[in-house]
Amino acid sequence: MMVVGRVKCLLVAAFSVLALVFSMPALAQHEGGEHAPVTGGAEHVEKIDAAKVIMEHIMDNHEFHLAESGGHPVSIPLPV
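Residues numbered from 1 in each chain as written. Predicted model: local features only at pLDDT ≥ 70, side-chain atom pairs only at ≥ 80, totals over all residues. Heavy atoms only, no water.

Along the protein chain, the regular secondary structure elements total two helices and two strands. Ordered by position from N to C terminus, the α and β elements of the protein chain give α-α-β-β. Of the accessible surface of the protein chain, which amounts to about 8100 Å², a share of 67% is contributed by carbon and sulfur atoms. (Helix = DSSP H or I, 4+ residues; strand = E, 2+ residues; numbered from the N terminus. Areas by Shrake-Rupley, 256 points an atom, 1.4 Å probe, with all protein chains shown as cover.)

This is the structure in structure tokens:
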């Protein structure tokens, strides 16, 4: 019984190390690499309208929309 516990612990540790090793290259990627889209030298920076964003959040219905049945929305109200 003791051997089964040790083997299980060893397998969990081995798979954890493998998951970390294989996820490191994905975390090391940076923007602007060889696969980055070419912008032609000039970057377009879009300005954010803060008042519009704030009003959208204030007017939010606080519900999770599931579907629409017969022209009526089917949704679950979220706790606020």
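Considering every residue of the protein chain, the mean pLDDT works out to 78; 74% of them sit at 70 or more. Mean pLDDT values over the elements of the protein chain span from 82, in helix H1 (residues 2-27), up to 87, in strand S2 (residues 72-77). (pLDDT = per-residue confidence, 0-100.)

This brings us to the pairing of strand S1 (residues 63-69). Pairing analysis gives six bridges linking S1 to S2, with the strands arranged antiparallel. Counted as the bridge partner of Glu63 is Pro77 from S2. The loop that links S1 with its antiparallel partner S2 comprises two residues; one of these, Gly70, has a positive phi angle of about 60 degrees. (Pairing = 2+ DSSP bridges.)

With that settled, consider a nonpolar patch on the surface. A surface patch of nonpolar side chains, amounting to about 820 Å² of accessible area, comprises Val3, Val7, Leu11, Phe15, Val17, Leu18, Val21 and Phe22. Inspection of the secondary structure assignment puts Leu18 in helix H1. The partly exposed category is assigned to Leu18, whose relative accessible area is 42%. (Patch = residues over 30% accessible without salt bridge, like charges linked within 9 Å, V, L, I, M, F, W, Y side chains within 5 Å. Salt bridge = Lys/Arg side-chain N within 4 Å of Asp/Glu carboxyl O. Buried < 20%, exposed > 50% of the residue type's maximum accessible area, 1.4 Å probe, protein only.)

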